[in-house]
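Structural description and commentary
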Amino acid sequence: MSDKLIIFDTTLRDGEQSPGASMTREEKVRIAKALERLRVDVIEAGFPAASQGDFEAVQAVARVIKESTVCGLARALDNDIDRAGAALKDARASRIHTFIATSPIHMERKLHLSPDQVVEYAVRAVQRARQYTDDVEFSPEDAGRSEEDFLCRILEAVISAGARTLNIPDTVGYAMPEPFGRLIGRLRQRIPNSDQAIFSVHCHNDLGLAVANSLAAVMHGARQVECTINGLGERAGNAALEEIVMAVKTRKDYFSCHTAIETREIVACSKLVSGITGFPVQPNKAIVGANAFAHESGIHQDGVLKSRETYEIMSAEEVGWSANRMVLGKHSGRNAFRSRMTELGVEFSTEQELNDIFFRFKQLADKKHEIFDEDLQSLLTEAAAEASEEEFVKLVALEFCSAMGENPKACVTLKIGQEEHQADFSTGAGVVDASLKAIESLVDTGASLTLYSVSNITGGTDAQGEVTVRLEKGGRIVNGQGADTDIVIASAKAYINAVNKLLAKLIRTHPQTGEV
Ligand code: KIV
Ligand code: ZN
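Below or above, wherever it landed, is the structure these notes cover. Keep in mind that what you see is a predicted model, and the values were worked out from it rather than measured.

Below, the discussion takes up the pattern of salt bridges. This model, assessed by the stated rule, comprises 41 salt bridges. In this structure, glutamate 16 and lysine 28 form a salt bridge, with 3.2 Å as the shortest nitrogen-oxygen distance. With glutamate 16 in the loop between strand S1 (6-9) and helix H1 (25-37) and lysine 28 in helix H1, this pair connects stretches of sequence that are twelve residues apart. Judged by relative accessible area, glutamate 16 falls into the buried class, the value being 9%. Classification of lysine 28 by relative accessible area gives buried; the value is 1%.

Right under this line is the structure:
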């Protein structure tokens, strides 16, 4: 058995299924490039049949990624497979990942299909996908609650039809490590042609066991793990890539396999995904949390100073914490700026695009002494949002005042469509509250604000504050982000970003529920 563990990243597909985490095509391309630098083996770029936008995003990723295989998800339906095949046409290496549910509850209540029909759909889907690429993956959805004999039957049939990766998903996060690991071992033993395929796992984190279940499967011969940066994903998320990779690396005495991941890129990738999706990373999150390598107690600090190994099992450098991130300042010129952007994988298609970001950089450098990679990424996120056709509402001006013992007030001017509108001064519990009320008085979305969070992009009191706002209306959830050295302005930008997403008429199909 190969000792290479394939890392299949699904941040751009399952990760995007987290409520509010939807990404634009440009954002997906930036994350895909970061995943390529991380040396991920397979990037699942999306579900092309979901909408025209999703199709174009997968196509754009397929066109720029050269080192990783680019994968598209497809239900076991002709149209889904044809859309995936078309979206991946220009990829240097492509994979189609097709799936159908195999648990009794899903077959009966969701699909209304008999087990025989499900096998038929699966085989047909794999055969059709093979017309587009030799690299076809099949998943029996909800395998964690499927009958083992039926799994053996359908998996044997899809291998004969040409599937080369068999992915066993614990769709609802129900599995326990020991039995899940043993299931993988038994499937490998019982399926007569199992040696023709690589076994993979895809675990959800509803009980906090996604990483444990995935690693148990690795111990029983799984040689691909599907995971996401920061554990992003549907509901409680997927197995976190950084945890899988570092567990295998740090405990190579235990796991008889290795990954190809460039671990020093992990933190940068984590920050990029968090910044783009607006899902902050909890400080005590393993590997990528701000406290993951911080030592609070005096005893620990003393030990670490004497010898790092006393309390640390990995080094912060190994996962990219202390990479020299201080890049540019007020006096940096266009060439230095362009070359750092190139190192970050950003290519400007026109001189105008470069000029625009460079201008934003100069404005920021006037306010802030040192510009870090994370600052540059936030400038790109902001510029991309402003350039998108979905930017119907724009912030023109914001004035606010606050003094102890007085009511904070804010007044805003917005460009809505082609017209400028100014709100009267609104009051609020603080200037952020007053500003958001002033904006809402003009845009009148009627949406509820379900999340407001602020984090600092880098250190220091001159750091940019990054604000995430989540709005919900009629069951639709959107996240908006904004960054600025002034958190009131960052909050206004984030609110407007969320409003624009809410106003965009986005129609897409969810791959698993089929809902639009
Ligand atoms: O969780 C799941 O079952 C999935 C499949 C589409 C693989 O995401
Ligand atoms: Zn999933």
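And the narrative resumes.
Here we have three strands laid out as an open sheet, ordered S15-S16-S17, and antiparallel in their pairing. The sheet terminates laterally at strand S15 (448-456) and strand S17 (476-484), the two strands that pair on one side only. Going from strand to strand, the sheet's axes swing by 15° on average, the running direction of each strand aside. Here S15 pairs with strand S16 (residues 465-473) via eight bridges, running antiparallel. In the sheet register, serine 448 faces S16, and the bridge partner there is glutamate 472.

So, on to the site of ligand 1. Around ligand 1, the surrounding shell consists of Arg13, Asp14, His97, Phe99, Ser139, Glu141, Pro169, Thr171, His202, His204 and Gln512. Arginine 13 is positioned with one of its side-chain polar atoms (N or O) 3.0 Å from an oxygen atom of ligand 1. Interatomic distance of 2.6 Å between a side-chain N/O atom of threonine 171 and an oxygen atom of ligand 1. Burial of ligand 1 by the surrounding chains reaches 100%, relative to a free accessible area of 260 Å². In terms of residue class, the shell around ligand 1 is built from two nonpolar, six polar and three charged.

The eight strands lie next to each other as S1-S2-S3-S4-S5-S6-S7-S8, forming a closed barrel whose pairing is parallel. The sheet shows a mean angle of 25° between the axes of neighbouring strands, taken without regard to direction. Judged from the two bridges that link them, strand S5 (residues 136-141) and strand S6 (residues 165-170) form a sheet pairing that is parallel. Its bridge partner being in S6, phenylalanine 138 is matched across the sheet by leucine 166. The sheet contacts of helix H5 (residues 115-130) involve strand S4 (94-101) and S5, and relative to S4 the element is tilted by about 170°. In this fold helix H9 (residues 241-250) packs onto S1 and strand S8 (224-227), with an angle of close to 170° to the strand it touches most, S1.

Moving on, we get to a nonpolar patch on the surface. Together, Leu449, Tyr452, Val454 and Ile487 make up an exposed nonpolar region whose accessible area comes to about 320 Å². With three residues, the single largest contributor to the nonpolar patch is S15. By secondary structure assignment, the location of isoleucine 487 is in helix H16 (residues 487-503).

This part covers the nonpolar core. The biggest cluster of nonpolar side chains holds 94 residues, and the ones touching the most others in it are Leu38, Phe138, Ile154, Leu155, Leu187 and Val201. Among the elements that line this core, the one with the most residues is helix H6 (residues 148-161), at eight residues. If sequence neighbours within four positions are ignored, leucine 38 has contacts with Ile229, Leu241, Ala260, Ile261, Glu262, Glu265, Ile266 and Cys269.

Turning our attention to unusual backbone geometry. Look at histidine 112: it is not a glycine, yet its phi comes out positive at around 55°. Summarising the element assignment, histidine 112 is placed in the loop between helix H4 (104-111) and H5. A positive phi angle, close to 50°, is found at aspartate 444, a residue other than glycine. Locating aspartate 444 in the fold gives a position in the loop between helix H15 (431-443) and S15. Take aspartate 444: its relative accessible area is 61%, and that puts it in the exposed class.

What follows covers the packing of aromatic side chains. Per the stated rule, a full pass over the model turns up four aromatic pairs. A ring pair is formed by tyrosine 254 and phenylalanine 255, whose centres lie 5.1 Å apart and whose planes are at 90°; its orientation type is edge-to-face. Ring pairs connect the aromatic residues Phe337, Phe358 and Phe361, which therefore count as one cluster. Over the ring of phenylalanine 55 we find arginine 83; its NZ or CZ atom is 4.0 Å from the centre of that ring.

What counts as what
- Residues numbered from 1 in each chain as written.
- Chains lettered and ligands numbered in written order.
- Predicted model: local features only at pLDDT ≥ 70, side-chain atom pairs only at ≥ 80, totals over all residues.
- Heavy atoms only, no water.
- Salt bridge = Lys/Arg side-chain N within 4 Å of Asp/Glu carboxyl O.
- Helix = DSSP H or I, 4+ residues; strand = E, 2+ residues; numbered from the N terminus.
- Buried < 20%, exposed > 50% of the residue type's maximum accessible area, 1.4 Å probe, protein only.
- Pairing = 2+ DSSP bridges.
- Axes fitted to C-alpha atoms, helices over the stretch in contact; angles between N-to-C directions.
- Near = heavy atom within 4 Å.
- Polar contact = N/O pair within 3.5 Å; in protein donor to acceptor, adjacent residues only side chain to side chain.
- Areas by Shrake-Rupley, 256 points an atom, 1.4 Å probe, with all protein chains shown as cover.
- Nonpolar A, V, L, I, M, F, W, Y, C, P; charged D, E, K, R; others polar.
- Contact = heavy atoms within 4.5 Å.
- Patch = residues over 30% accessible without salt bridge, like charges linked within 9 Å, V, L, I, M, F, W, Y side chains within 5 Å.
- Core = buried A, V, L, I, M, F, W, Y, C linked by side-chain atoms within 4.5 Å.
- Phe/Tyr/Trp six-rings, centres within 6.5 Å; stacked < 30°, edge-to-face > 60°.
- Lys NZ or Arg CZ within 6 Å of the ring centre and 35° of its normal.

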